[in-house]
Amino acid sequence: GMKGKEKILNEQLKQIQQYLTDHQEEMFRDYARLINCESHSSDVPGVYAAAEIVKELYEEAGFQCEILDMPPNGPTTIGILGKDRALEPVLISGHVDTVIKPGAYEKPVFRTEGNLAYGPGVLDMKGGIIIGLYAVKALNAIGYQERPIKFAFSGDEEIGHLHSQGAETLTNAA
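Residues numbered from 1 in each chain as written. Predicted model: local features only at pLDDT ≥ 70, side-chain atom pairs only at ≥ 80, totals over all residues. Heavy atoms only, no water.

1. Considering the overall build of the protein
For the protein, the count of helices and strands is five helices and six strands. Counting from the amino terminus, the protein carries its helices and strands in the arrangement α-α-α-β-β-β-β-β-α-β-α. A globule of 174 residues ought to have a C-alpha radius of gyration of about 16 Å, and the protein, at 17 Å, matches this closely. Each principal axis of the C-alpha distribution contributes one length, and for the protein these read about 55 × 40 × 25 Å. For the protein, with 174 residues in total, the buried portion stands at 40%. In the protein, 72% of the contacts between residues at least 6 apart in sequence involve partners at least 24 apart. Carbon and sulfur atoms form 55% of the exposed surface of the protein, whose accessible area is close to 9800 Å². Computing the positive centroid from 16 side-chain charges and the negative centroid from 25, the protein places the two 7 Å apart. (Helix = DSSP H or I, 4+ residues; strand = E, 2+ residues; numbered from the N terminus. Rg over C-alpha atoms; globule rule 2.2 N^0.38 Å. Buried < 20%, exposed > 50% of the residue type's maximum accessible area, 1.4 Å probe, protein only. Contact = heavy atoms within 4.5 Å. Areas by Shrake-Rupley, 256 points an atom, 1.4 Å probe, with all protein chains shown as cover. Lys, Arg positive; Asp, Glu negative; His and termini not counted. Charge placed at Lys NZ, Arg CZ, Asp CG, Glu CD.)

2. A short note on the nonpolar core
Judged by nonpolar contacts, the single largest core of 32 residues is most densely connected at V54, Y58, F63, F151 and F153. Those residues within four positions of F153 in sequence are excluded, and the remaining contacts are V54, Y58, P75, T76, T77, I92, S93, G94, H95, V96 and I129. (Core = buried A, V, L, I, M, F, W, Y, C linked by side-chain atoms within 4.5 Å.)

3. Considerations on the pairing of strand β2 (residues 73-81)
A regular strand places its side chains on the two faces of the sheet in alternate fashion. Of all the nine residues making up β2, seven are buried; the element is thus mostly covered by neighbouring parts of the structure. Pairing of strand β1 (residues 64-70) with β2 involves six bridges; the strand directions are antiparallel. Pairing of L68 across the sheet is with T76, part of β2. Taking the residues between adjacent antiparallel strands as the criterion, β1 and β2 are bridged by two residues. Across five bridges, the pairing between β2 and strand β6 (residues 149-154) is antiparallel. (Pairing = 2+ DSSP bridges.)

4. Observations concerning the pattern of salt bridges
Throughout the structure, instances matching the rule amount to six salt bridges. D30 is paired through a salt bridge with R29; the nearest N and O atoms lie 3.8 Å apart. Given a relative accessible area of 5%, D30 falls into the buried group. The exposure class assigned to R29 is exposed, which follows from its relative accessible area of 54%. (Salt bridge = Lys/Arg side-chain N within 4 Å of Asp/Glu carboxyl O.)

5. Observations regarding the sheet that holds β2
The strand order across the open sheet formed by four strands is β1-β2-β6-β3, and the pairing between neighbours is mixed. The sheet is open, and its two borders are formed by β1 and β3 (90-95), each paired with just one other strand. Each strand of the sheet is rotated relative to its neighbour by a mean of 15 degrees, with strand direction disregarded. Across the sheet, helix α5 (residues 166-173) lies against β1, β2, β3 and β6, angled at about 170 degrees from β6, the strand it touches most. (Axes fitted to C-alpha atoms, helices over the stretch in contact; angles between N-to-C directions.)

6. Describing helix α3 (residues 44-60)
In a regular helix each residue adds 1.5 Å, so 17 residues correspond to 24 Å; α3 covers 24 Å between its end C-alpha atoms and thus fits that length. The set of residues buried in α3 consists of G46, V47, A50, A51, I53, V54, L57 and Y58. Axial view of α3: buried residues confined to an arc of 160 degrees, hence all on one face. The outward face of α3, more than 90 degrees from its buried face, is lined by the exposed residues P45 and E60. On the buried face of α3, the contacting elements are α2 (24-36), β1, β2, α4 (126-141) and β6. Looking one or two residues past α3, G62 carries a phi angle of roughly 105 degrees, positive in sign. (Expected span 1.5 Å × (residues − 1). Arc of directions from axis to C-beta.)

Now the structure itself:
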């Protein structure tokens, strides 16, 4: 009954928390790597470089990924994990481009002071991309198999997908 399900859920949540605790160093390294890859919306090569990092990190977690060109802007990166799973998919969406122009920060652009992190995209929204990645990695670690998990990360969100197919691409992914 419900008591049994609740017990299983609590156990899974403990396992997820333990996974995240055990992988903090790796998570932080991936976070710093993505932040240090500057990707202002107008810097198309920088956005591609950030997309490549995201593709590599998500492929390591088991996703099948693709980088889709969105001329004249940076690409949209999409991926799916467990596409043959029974239930409706879940979508993680976001963007790799930032509003901070390259060179605005000294190198390395990512730095911490106490519990605070600084750099282009620490919050908006490279941090969210890493959170999504580690949420999925934690689910993988407990054997989650119920729904396909998809992601779609824009390379031109901060400029409103100006003159590109970026918005339609995100809509199609959803």
